[in-house]
Each structure stands twice: as structure tokens, then as C-alpha cells.
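Letter by letter, the chains look like this.
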Amino acid sequence: MQAENKQTELTPAEEKLFEELMPEDAAEIATLGVQRRHFLKLVGLMGGGIIAASMFDNNALFAQTAGASAARNIPPASLENSVKVTMRVNGKIQKLETDSRMTLLDALRERLQLTGTKKGCDHGQCGACTVIIDERRVLSCLTLAATCEGKNIKTIEGLAIRGDLHAMQAAFIKHDGFQCGFCTPGQICSAVALMSEANAGEASYVTEIIRGKNRPLKLTDEEIKERMSGNLCRCGAYPNIVSAIREVHSGKSA
Amino acid sequence: MPEPGNPADRIDGRAKVTGAAQYATDYAVKNMVYAAIFKSEIAAGKIIHINTATAERSPGVLTVLTYKNAPKVKETPAVWGGGFLQTTKIDFYGQHIGVVVAETFEQATHAAKLIKVNYEKAEAKVDFKKHEGEAVKAKGTDRADAIRGDAEAAFSTADHKTDAVYHTPIEHHQPMEPHATIAVWESADKLVLYNPAQVVNGMQNAVAGTFSLKPADVRIITPYIGGGFGSKGTTWGNIILAAMAAKAVSRPVKLALTRQQMFNSVGLRQENKQHLRLAASDDGKLTALAHETTTHTAVNSEYIEPCGDCSKLMYSTPNSLITYRVVPMNIIKPSYTRGPGKAPGSFALESAMDELAHQLKMDPIEFRLKNEPDKDPSNGKPWSSRSLVQCLQTGAKRFGWEQRRALPGQVHKDGFRIGYGVGCGTYPVNQRDSSAYVKLTGSGTVVNAIVEMAASDLGTGTYTILAQTASAGLGIPMKNITVKIGDSVLPPAAGSVGSVGAISFSNALNDACVKITNELMAKAGKQFPAGTTAAQIMISENIADFETRSESKAPEEAKKYSSHSFNANFAEVWVNEATGMVKVKRFLAVTAAGKIINQKTASSQIIGGIVWGIGMALTEESVLDPRYGNFVTRSLGDYHIPANLDIGEIETLFIDEDDKLSNTLGIKGIGEVSIVGVAGAIANAVFNATGKRVRSLPITPDKLI
Amino acid sequence: MRPFKFSSATDPAAAMQAAIANVHAQFLAGGTNILDLMKEDVARPNELIDINRLVLSQKNAVADTAGGISVNGLAKNTETANDPMIRQNFPMLSQAILAGASAQIRNMASNGGNLNQRTRCSYFYDVAMPCNKREPNTGCSALQGINRMHAIFGASPECVAVHPSDMCVALVALDASVKVSDSKGSIRNIPFADYHRLPGTTPHLDNNLNHGELITAIEIPKNNFAGNSYYLKVRDRASYAFALVSVAAGLELNDNEIKTIRIAMGGVAHKPWRASAAERFLTGKPATEINFREAAELEMKNAKPLEHNKFKIELGTRAIVKALSIAMNGGGKI
């Protein structure tokens, strides 16, 4: 768990935000530095507040609230058929005791407070719950948490490194590869894994030459579309998603 | 007006790509438990007995609510679809009949399957084809027969005419985020609901009315909405059950509908049978138009989407007949679905226009241009602006329309037949009452702003366009602006429905920016040069903080004009000659929608409408089993919303319009119009490719072999 | 989901013994179908035995054998489709696997599980509806219901469901066999065409695997179709949808004459459907579209469509012709 008194450096913009929204805590923050409870309060106060431009680092904010998630990771009183499982999630060891029925999706969301991974259908028919397990994209809604012993799981929260967005995340913003954003974590996890699949020369149903492997494989738009068809987007951001992936895949800015 | 950041990246983009954006069920609420709804498995009749004993004994279960023990609430028409556990009566298959609350999600969902119900079945009307003959005139006056001239007489003497029935099936919104709630009673009469809402204050009032609370005691928190498309524009019974459940166990409750439950919980686009007749003279002038829609509604409540709306004003004709007939059926109440009425209506109208152009041996664009009305034919009002001609001409050039062969079935390549089609669309412009709050804080040469209103962003880009509007209106860089929306404690605002969002929100915020600038000038008590911004006054007068709140409504003058967005859609389809599978290879939408605040998010929204239109044209169909009244297509594996590979190359263009007659900022709205005309363009392209006229959507492979 | 006991096995014999000990136990491999069905309350095991960590004698996804190849029953669909030996020698199998589901699901789904996946008949999936497959003697809702997706071959009044797999269509065309072990250590090989069953009066049985038995491998004999084969899938959506009709086609040509031919269909029957009549007709004949069409029509003569799936006869005919034509021309994509 994050130490309560760990001091965090604030940017001037972040300082401004605390001053503006939490004047009553300003003195304390000035003397003791910002603490986890301040971030938690800020999250509550902000409600829907979105600051234009990315001066406020959501990721840093998220890292701070991770302490709270550990506090919530308590098995419920009436656990049935409990299974103990230890997995690595975004680099961090997580020990869980779950109902045997609990899916990885629900374990991430309800127990580890990693709510970036979304429940769109819970039946493997939409892709919103896509996460990366041991370098492969999979559906967390059809994965029992109990089967994840020793697995290395990466979720949308684990893609940015110390606040620096993954190239795919940045490309999704640049190309407006989403509207409502609900399928986006799944789309991005899927797209990140797709890059490795292309590097390994893996085929798809629309691959022209199945016999003999091309590696790395240069993906046409048609290939990207087929390979991303397991991630539904009701807002219809598909063309922009393809643009974002094309840019990251080709390494060429468009 | 300056255009800061046009096009701008979404200011909520970072939150959305990192997973930090919090949707309703993402909130960590202490002591929370889980609820699961169970639903009726008959379409009409009543419950004789519900046995909840096994469920109640199931581990972790805290309570089971049914009609027997649910608290009494007021069934207000503001909450749609019924199912508040107040009665044993069943009106449609899938009506909510109870809710289980348990310690965990696994326990609640399992226990909900242990409920045993005995019913007394009544005869149910679920087969539209069987009951369409019973349809009668609509109760609502806005769906009354609209008659101009004498269409029947004109048909009887016409040189050329078409007479056909177009059919569109039940379709479902299916936003990626299922409807879901976390309900928290902060005290006996103070309720907080984390719940996606397109209309924040509308939901607040609906819930307050149901529980006999003061609206101020119901708080709706909805900063992020995982899509809505109309389904989250009205309030449905699930939110009421969440609040009831939370009350019953005195703990916060999370209640999410399952994807399967979404099919009969939160409305649908109704099945429409549209009888379309057109008549024209030899020279291609329309002489009559009749658009007669037959559809269904709920047994006890009427909603009819306005399929005939486009036909009222799209083309000039001296004789026009628009009617609606409706039959109440045991199906959940239909509701607003993207491009309500206009999307299916334009499929019928634009198909018929294509059919008549073909009969006249006239290019379908030329045919449309010949029938361009100089004022609104339905009410005689002048247009505030209408750029349909420019949409068609610009689009034809850009798309390479001249390559289209007039005769269908002429172009073959690699086992495909290729065709081009055009279809037009329109949607009305409305500004609704909204209020906004602006707070400025100055420090040295930096001025920051917080802007607030109970608006919503369901992917439409509200956050971003409000930051842009405030930036322009206050003279403050976007990065110094904080936008707070999606919470009912903020100043009341219109909703993101019917394309009123951007118009209402941006104008209200702009008005607030003008007001605060004027008030700052008054406070300073001196003259400033024209164009002086609020930020400049804050700095020059060294003001530390200043705030204002304003309320806005549509300008009175606007009523004198007919104000609508218009578009022209161009489709190139490739039909696989062997399999009948249709691919929309290329699509161009040219949209005239007044001021486009953000070219980037606007283009995305238009693309979204096109993808919806492609789904409507090719893949989407909800099928009821007429014996039971249940949906057979009850999952995303059976109900096919388009996947990435279904979508070809899409281009969007905007026609510049400076329309200050409709509202101060000249915004006309794009979310709805973006789907209108799309299915028609695709169906027309399929005809051009194959010579087959498909009048029943969706155009699945079986219809083309 | 109903409560169940969870265990994870590493030793195949122990896993099978555990299964034998409990008639309500099921193996859990990829989980992509069983968990879906458990959430729907269609599958109701009270024990799941995780077999993902089993140590099988065959370590690799695909192994060379004297007569052909052996595909690991627990290997994932993705690694199978992308195995160099499969892509080179059995490209039709790669295509069939890749035509199914989505990348994520193929990363999870095991080969054995693909064989054992259950029908997607929506009446089977909805526990409120009568269904003989789910609950014997309750009736078949699809027979007189919405049966657009249902069988045109081999159905019975008890059940008109179709098998949903793409992979299996290629496997039956490739004359594969299913290698099955039981808890006593005995091994049997079931010819692929005999692995899945027709519904008859026992629609609750999808296949001939006994409770507690484990699919350890799928064996595919060598053939000469690699240069002239194709898997064609026709569906309502371009991707991520089950087949209306699909066709696996393989040709061995002697100049233009058909020396050997394999045709199998998906989306038409309770099991992957081998188009034997069409194969017999075409063997020894010139590979022409006219002959393909005649063969396809001959095959489709035996079809017995339902109210809403009559289109499958013409669609199936066209799909056979198209798949054979593509195969004849080298088997690229459409």
C-alpha cells in the first residue's frame, strides 16, 4: 500500500487545481505536501471536471488512488468455493481470494479497482474487456480469475509509463479513435497486442498469402480492420481507429 | 468569432485512453452490494405467484424485491417502460418483475436465476405483421394527418409514379455501456445516482417524481457516458429498481443490466411499414408525395417515430399526404433512436426518389435538384439556411459521381458488382433552455476559468466544444479552462438529445461569457475598446476572482424561420456476385450544419452516424418470436452491429454556413442528421450495382442471391 | 453462474479420474464457450477442472508424424493456425480457424474445445425457451420458430441446430481423426466424420466423446491439396459472426482434371457436413465452373430447408462453386 505520507511533487497547474477546488486543504498541502486523501477528495470534487489540455496527469492521479484499491481488495464475507490466486497486474503482485465464479474482469474492476477494463457484454461478443495476458490479447470476461495463478496481466492502466502515454494511446487521441470512450481501453489493448502479432508474421482471414510466413508483416488497412473486428465500437470510430493503428504500425506520422 | 483549437483534440481524450475516465459503475463506493434484475417470461397476462424462497436462502442474498414487498412509488410517465414492481400485470416479455440484492455480483446473478414464477397468460400481440391491420390514428397531435393539396387526384393523373412499401425492422441502440447504476441513499430522502444520463435534469426530475422527492434531493452523477444514441435520453425502470434495492438493504447498490436484458429494458426503434407514393411530370417535377407509416407502440403508452418528417420538407411538391397509423402491442415501448423517424423515413423517401428517377431516366441528383424548394413546403416559412444543393453538387464532384452508370448492373470487377448511390437527409434545429456558470480567477497575467452546466457528453465532444466556446468567449487559452458537466448539482441545462446539445450548451455558455465580460466592464466602470476580452479586463483591473451565471433560450426571431441541417450521402458498394455479401467500399457525407465548432469531433460524429446507417442498411435486425414475444436476437452475437471490417473508406465534408437566424452562434447540430439518408444511399447503390431493389432492411446476403 | 468447485490439474490421468468421479464435473480449457454457457445457466457443472496446465506427451502445438501431423488438443487456435507446418501444408485449416470468432477468442480457445463447442441456436441459449438439446423432451423451439440460421441437412424433428465451428469444417474435409484418452490410459482414434453426431432422437449429445475422456490430439493425414484449397465463409457481417454457410474446399489437380477433391460445409447441419455427393461427381472430371455448379446442385438436392432458411440452398450452391473456383485458382483470398 502507498504510504499515506508520501510526498508528491505537483506541477504548478496541479497546484492551481488543488487551490481552486480545495482551498480548505491548501495550507496543509503547502506544509505537508499532497497526500493520497487529497487526491481522493479531488477526484470526488471534480465530479465531471475536465481540464482542457493534458496539464493534469490522470495517470499520476490514478497511481495515487491505487492505495485505495488495495484497501478495497477484501474478500466478501460470504465467499463460496473460494480460490486463492496470485497474479501480476501491471507489474504489481496481487493476491486475491475469490469466489471460483469470479471472472478476471470482475476481479480487476470490483476488487482491484482497475475499472479501465470495461464490461460491455460479459459474453465474449464485444471485446470491451480485452486485456493482455502473457503478451496475448484475451477477453477478461471469459477468463476465470482462478485460472490466472502466476499470470502476467496488463490492462489499460498499465500502458502508460510514469505518465508518458503509450504510442497507441497518443495515436488514438490524435486520430480521435473514440467518441464515448467505453470500448477504448479494449480497443487499445487489442491494438497494442496486434502490433506484436504483426511483427511475428501471424496471419488473418484476409491475409493473401497463408503459405509461408512474412515477418514482420506489413498490415494493410483491410488487415487492420479484420484483426480489430473483435472490438465493437457503437460510436463508429472504426476509420479513426484504423488511422491510429496504421500510424503506430508504420511508424509514420499522418 | 475566433475559432480556438478548431480542430482540437478531445480534452477528455487522455482520461479515455488511460482508463481513468469514470463511467457509472467505475466508482468505488464503500459498503456496496450488487443487484440483479429478473424479468417476465411471458408477453401478456399476470403473475399468479413468485417463489423467492430458494433465492432468499442462496448464500450472500440480502433481499429479493417483487410486487409483494417493493415500496410503493408513483408510476410517472417520465419513467418509460414500466416494471416498477407495483403490479402483477405483465405488458411485455422482459418486463422487470423483481430484483435480487446480494453481497457479490456472482451471488446476485445466480440467485436471480433461482426465482420461480407462475403466470396466467393472456393473449399477447407481438406479431406486427399479424396486427398491423388493426393500426389506428395516432393519439399525439404531432402525428396527425398532414395534408396539402390533393395527392390522390394528382396520382390518378400522373405521367410517372412509384408506389411501394418499404420495411424496416426493430432495431436496438445497444450502446457499448449497458445501462447501469450505483444508487446511494445518503439519508432517508437524499439519493445519489451514478447513472449515465443524456438529459441530466430530465433524469433527476423523473426519479424525484417517482420517489416523491424534491428534485434537489436527487443527484445524478454522469461525467462519462458509454454511448446512448437515445436509449439514455429517457429514464427507464432499471434506475428505479436500483434505488429501491439500495433503500431496502440500506447500503449502496450496483445494478447493471446484462447485455441480454438490454434488448427489452431500454426501448427500441420500432418496426415500420412505410407506404411511399411519388408522382412526377415528364420534366421531372414532383406533383405528389404520399408517405404513410404503419407502426406499433406499447400497450399503454404511445411513442411513434416521425418517419414522414423528411418527406414534409425535403422536396417541393404541390400535393402531399403524411400519415401515421399505430397499433399498441405487447412489446416494450419504442423510444428515440438515432435519427428518430428520419433515419427509416429517409430510407423510404430516398429509395422512392431513386426509383422514380430511374423510371424518368434522369440522374437521381438532377431529379433532386429539380425539386429543390425555395421555402419550407410544410409551413411556408423561409429557410434560415438550406445548402442541400451545395451538398449534392460538392459531393458529386468529390465522389466522382460522373463515373456512375445510369443503367444498373453494368460494372463488374473481381467477382463483385459495383454501384453508386445517393441519399439525402435533414434534421431540425432547436435550441433549448440552458443555464451556465462561469468563474474566473486571475493571478498576475494568468486567468483561469471554470465553466459549469448540467450538460452531458456521451462521446459527442461536449467537453471539448465547451472549452473552445469558453476560450473564444473569454479570451482564455483552452488549457486554462476547466469544464464541469454531467452532474445535476450544476446549473440546469438541456440534454444531449435530438441534436439540441451543442446548440443549447454552446449558446448558453457563450451568453454567459458575454454576460461576464459586460459585468466586468461595468465593475471596472470605464470604457474598453471593442473586442476587449474578459481575460484582458481581469488582468488590467487586477481582479482576483469574478463569477456569473446566466440563463439562455432560443431567440424569438428564430421562430420565423424554418431551420434544419441537411446532408447528401454518396455510397459505393461492392456486392459479391457469389455470396451476396455487400461491402460499402467508399462513403462520402457532405453536411451543411451551420457553424462547426470542432471539425475533428464533428467529423467523427458524422462518421459514427454513417456507421449506424451502414448497420441499418446491411446488418441490424431484431427478431421477435411471434409465439412468445421474446427477442431471438438477444445478444451482440445475434444482433449484428457493424464490426471494423464492415466499414470501408469514409470521407466527411462540411459546407460552410453562416446562419445567425437560427441561433446566436449559428450552430445547427450534427448527431442526428449524420444517419439520415445513409441507408437510402446504400440501398440505391445496391440497386445500381445489381438491378435489385431491396425495400426491406437489412440487405443481408440472402436478399441478393 | 451456479457455484462450482474449482481445481487445477497438471497430470492428465488425475484430471480424467477427477472428472470420472463426478458426473457433473467438466474440463475447463479456453473457457470461451463453457463460461458463456454457464453465465446463461445453460451449462451447469458443479465442478470445473482446469486443464490448461496439463502436461501432455505432445509438447508442441503441432508435431510431425509418419502419416501427417498431430495437432495438440490443448494448443490454442491462434498458435495452431499460425504453425508453419499448418500454414504450409494445410492452409485451408489456417483459414478456417482464422475465419472464426475474433483474435482474442482464438488466443484463448483450445483446439479440443473448438471441437466441443455447442450450437449457437438462440433457443438453446435462452433457458426460458423449450429446447431438446438443453433439456430433453421439452420440444424444439426452432423447428417452427425463427430458424434462419438452422440446419438444412441431417436434422430431426427433435433438433435443427447447427454446429458453429469453422475449424471443424476444414478438419472433416481433411479426413482428420480425433485422438482421445480415458482415465484408464487407453487411447482411441475417432475419424473426424464420426466425431460429431446428428441429432436424431438424442439431440443432447453433440459428439461421441464420453464423460471424462480428453482430446489429446487431432491427427491430419498428408494430402496434396495445399496449393489448391480455400475456406469460404458467408455471413451477415464481414467479420466476427457465425456462418450462414461456409465451405472448405481442396483440390488435387492433374492438369485440369480433378484427381482428388474434398468439400465440406459449415452452417448447414448438426455436424460439419461433408459434401460427398459433390465430391463423387467431380472426381475425375475437368475442374470447370459448370461442373462445380452441377456438383453443388447435386449435393443441395438432399437439403431439407425450414421456413426461414430456404436461401441456404442457393447460397450453399454458390458458396461451393465459389470456394472451388478460388481453390482451383490457387486459393488466395476472395
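Every value quoted in this text rests on a predicted model; they were computed, and no experiment measured them. (Residues numbered from 1 in each chain as written. Chains lettered and ligands numbered in written order. Predicted model: local features only at pLDDT ≥ 70, side-chain atom pairs only at ≥ 80, totals over all residues. Heavy atoms only, no water.)

Student: Explain the overall build of chain B to me, please; I cannot follow it from the model alone.
Tutor: In terms of regular secondary structure, chain B is built from 16 helices and 28 strands. Relative to its length of 705 residues, chain B is compact, with a C-alpha radius of gyration of 26 Å against a globular reference of 27 Å. With respect to the three principal axes, the spread of C-alpha positions in chain B is 80 × 75 × 50 Å. Across the 705 residues in chain B, those meeting the buried criterion constitute 69%. Residue pairs in contact within chain B that sit at least 24 positions apart in sequence constitute 81% of those at least 6 positions apart. Here chain B has roughly 22500 Å² of accessible surface; of this, 50% comes from carbon and sulfur atoms. For chain B, the distance from the average position of its 75 positive side-chain charges to the average position of its 70 negative side-chain charges is 3 Å. (Helix = DSSP H or I, 4+ residues; strand = E, 2+ residues; numbered from the N terminus. Rg over C-alpha atoms; globule rule 2.2 N^0.38 Å. Buried < 20%, exposed > 50% of the residue type's maximum accessible area, 1.4 Å probe, protein only. Contact = heavy atoms within 4.5 Å. Areas by Shrake-Rupley, 256 points an atom, 1.4 Å probe, with all protein chains shown as cover. Lys, Arg positive; Asp, Glu negative; His and termini not counted. Charge placed at Lys NZ, Arg CZ, Asp CG, Glu CD.)

Student: In this structure, what is going on with the interface of chain A and chain C? I would like to understand it.
Tutor: By a widely used convention, the size of an interface equals the accessible area lost when the partners come together. On the side of chain C, 44 residues touch chain A, which itself brings 47 residues to the contact. Taken as a group, Leu142(A), Tyr205(A) and Arg211(A) account for 23% of the area that chain A buries against chain C, more than any other trio of residues on that side. Between Asp122(A) and Lys39(C) there is a salt bridge; the shortest N-O distance is 2.8 Å. When residues of the side of chain A that touches chain C are traced back to their parent elements, those giving at least two are β5 (136-139), α7 (184-199) and α8 (221-227) of chain A. Sort the elements by how many residues they give to the side of chain A that touches chain C and β5(A) lands first, with four residues. A class-by-class count of the residues in the side of chain A that touches chain C yields 15 nonpolar, 17 polar and 15 charged. (Buried area = accessible area lost by both parts, 1.4 Å probe. Salt bridge = Lys/Arg side-chain N within 4 Å of Asp/Glu carboxyl O. Nonpolar A, V, L, I, M, F, W, Y, C, P; charged D, E, K, R; others polar.)

Student: Any chance you could explain unusual backbone geometry here in plain terms?
Tutor: With the exception of glycine, the majority of residues adopt a negative phi angle, and the majority of peptide bonds are in the trans configuration. In the segment running from Leu697(B) into Pro698(B), the intervening peptide bond is cis, with an omega of -5°. If you check the backbone angles, Gln113(A) has positive phi at about 60° while not being a glycine. Note that Gln113(A) resides in the loop between α5 (104-111) and β4 (130-133). Here Gln113(A) falls in the buried class, since its relative accessible area comes to 13%. Positive phi outside glycine occurs at Lys361(B), with the angle close to 55°. Along the chain, the position of Lys361(B) falls in the loop between α9 (342-360) and α10 (364-370).

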